[in-house]
Amino acid sequence: MVFYFTGTGNSLYVARQLEEKPLSIPQVMRGDSFDFTDESIGVVAPIYGHELPPMVKEFIRKSSFHTDYFYVILTYGLRHGGASELARDFCESCGVHVAYANIVLMGDNFLPGYDMEIEQKADKHVDEQLAPIVGDVRRRVHKISAVTEEDREIHRENVARNAARPVGELQHLIVVVADRCIGCGICTRVCPTASMRLVDGKAEHIPGKCEICMACAQACPQLAITTSRPEKNPHARYRNEHVTLEDIIEANCQF
Ligand SMILES: Cc1cc2nc3c(=O)[nH]c(=O)nc-3n(C[C@H](O)[C@H](O)[C@H](O)COP(=O)(O)O)c2cc1C
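Thresholds applied
- Residues numbered from 1 in each chain as written.
- Predicted model: local features only at pLDDT ≥ 70, side-chain atom pairs only at ≥ 80, totals over all residues.
- Helix = DSSP H or I, 4+ residues; strand = E, 2+ residues; numbered from the N terminus.
- Rg over C-alpha atoms; globule rule 2.2 N^0.38 Å.
- Buried ≥ 20, exposed ≤ 12 C-beta atoms within 10 Å, placed from the backbone.
- Contact = placed C-beta atoms within 7 Å.
- Near = placed C-beta within 6 Å.
- Domains from an automatic or database assignment.
- Core = buried A, V, L, I, M, F, W, Y, C linked by C-beta atoms within 7 Å.
- Right-handed = clockwise from strand over helix to strand, strands pointing away.
- Pairing = 2+ DSSP bridges.
- Nonpolar A, V, L, I, M, F, W, Y, C, P; charged D, E, K, R; others polar.

In this section: the overall build of the chain. Looking only at helices and strands, one finds ten helices and twelve strands in the chain. Here the chain has a C-alpha radius of gyration of 18 Å; the compact-globule value for 255 residues is 18 Å, and the two agree. Its C-alpha atoms give the chain principal-axis dimensions of roughly 55 × 40 × 35 Å. In the chain, which comprises 255 residues, the proportion classed as buried is 41%. Contacts spanning at least 24 positions in sequence make up 75% of the contacts within the chain whose residues lie at least 6 apart.

In structure tokens:
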């Protein structure tokens, strides 16, 4: 049994290497059954600020996993900041024992930080990273991927930076450029938290539950959804090359 969360397909691609039909966390969260039993149970998710996305944390918090082998695979774009260790510590704080945690460097979908054209074209040797990880999981290897003191320091600095930001600032990162919006509604269907809606035929972002996963901005065919921080390349968007728009909709659509 493999669960995944994704904004732009990287984590779905990884989850599919582990199991043919992984389960979408945003869809599981709509149900009322949180008791899971299997020989092995995995969670695949992107890291946000080196940590699990809030919905993934909530999913782990409210679930009971009955398995001898629980594992976490984290996708990231540049700096993991000790993500394996942080995810392990979070899971253990929820009473979930993590046998294995590892990380996969992939395209970075953080729109305000990076040029999506470069991220889309970059060859980060994903399959070469994945092969040993899939082998480890099949053989039920017990391991938490290496974390250095420098990684931990990067995370501490990030926590301090975020603490200095006005509360909720990141929730308002997503901005709809209304003039360009044609009201196609794709953003409402790729959002895992129903944080986009159409008002008078134009998309509107509702902060609050937004995971800031970038799915809406990355999937908008008009490039009408942007961020309140200047973009490195306003003309480019990212989606994992093996994943379709329909896959993202199936993973995330909340209606
Ligand atoms: C809000 C946000 C925060 C992120 N934080 C980090 C980070 O701390 N370190 C990093 O290397 N990548 C970071 N990323 C990049 C993603 O973790 C990475 O692109 C991931 O593979 C995306 O997975 P997905 O396509 O399944 O959504 C962040 C992305 C977003 C949207």
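This paragraph deals with the site of the ligand. Close contacts around the ligand come from 27 residues, with Gly7, Asn10, Ser11, Pro46 and Thr75 the closest. Going through the elements one at a time, α1 (10–18) and β6 (69–76) are the ones with two or more residues in the shell around the ligand. Of the residues that make up the shell around the ligand, three or more belong to each of domain 1 (2–161) and domain 2 (170–252).

Counting residues in hydrophobic clusters, the biggest one holds 65 residues, and the most contacted among them are Tyr4, Val72, Cys187, Cys216 and Ile225. Taken domain by domain, this core gets at least three of its residues from each of domain 1 (2–161) and domain 2 (170–252). If we ignore the near neighbours within four places in the chain, the residues touching Val72 are Val43, Ala87, Cys91, Val98 and Ala101.

Consecutive side chains of a regular strand alternate in pointing toward one face of the sheet and then the other. Burial of strand β7 (residues 100–105) is extensive: five of the six residues sit out of reach of the surface. In this region the chain leaves β6, passes through helix α4 (residues 83–93) and returns to the parallel neighbour β7; the handedness of that crossover is right-handed. Sheet topology note: the β7/strand β8 (residues 143–144) ladder contains two bridges and is parallel. The residue of β8 that forms the bridge with Tyr100 is Lys143.

A separate point is the environment of Gly95. By the element assignment, Gly95 lies in the loop between α4 and β7. Along the chain, Gly95 and Ser64 lie 31 residues apart, while their C-alpha atoms are 9.2 Å from each other.

The next thing to look at is the sheet that holds strand β1 (residues 2–4). Whether parallel or antiparallel, the strands of a sheet pair through hydrogen bonds between backbone atoms. Strand order in the open sheet formed by six strands is β2-β1-β4-β6-β7-β8, with parallel pairing between adjacent strands. Strands at the two margins of the open sheet, each flanked by one partner only, are β2 (23–24) and β8.

Domain boundaries in the chain define domain 1 (2–161) and domain 2 (170–252). Here the C-alpha centre of domain 2 lies 22 Å away from the C-alpha centre of domain 1. Facing 23 residues of domain 1, the contacting portion of domain 2 comprises 25 residues. It is helix α5 (residues 116–121) that contributes the most residues to the side of domain 1 that touches domain 2, four residues altogether. Along the lines of polarity and charge, the residues of the side of domain 1 that touches domain 2 split into eleven nonpolar, nine polar and three charged.

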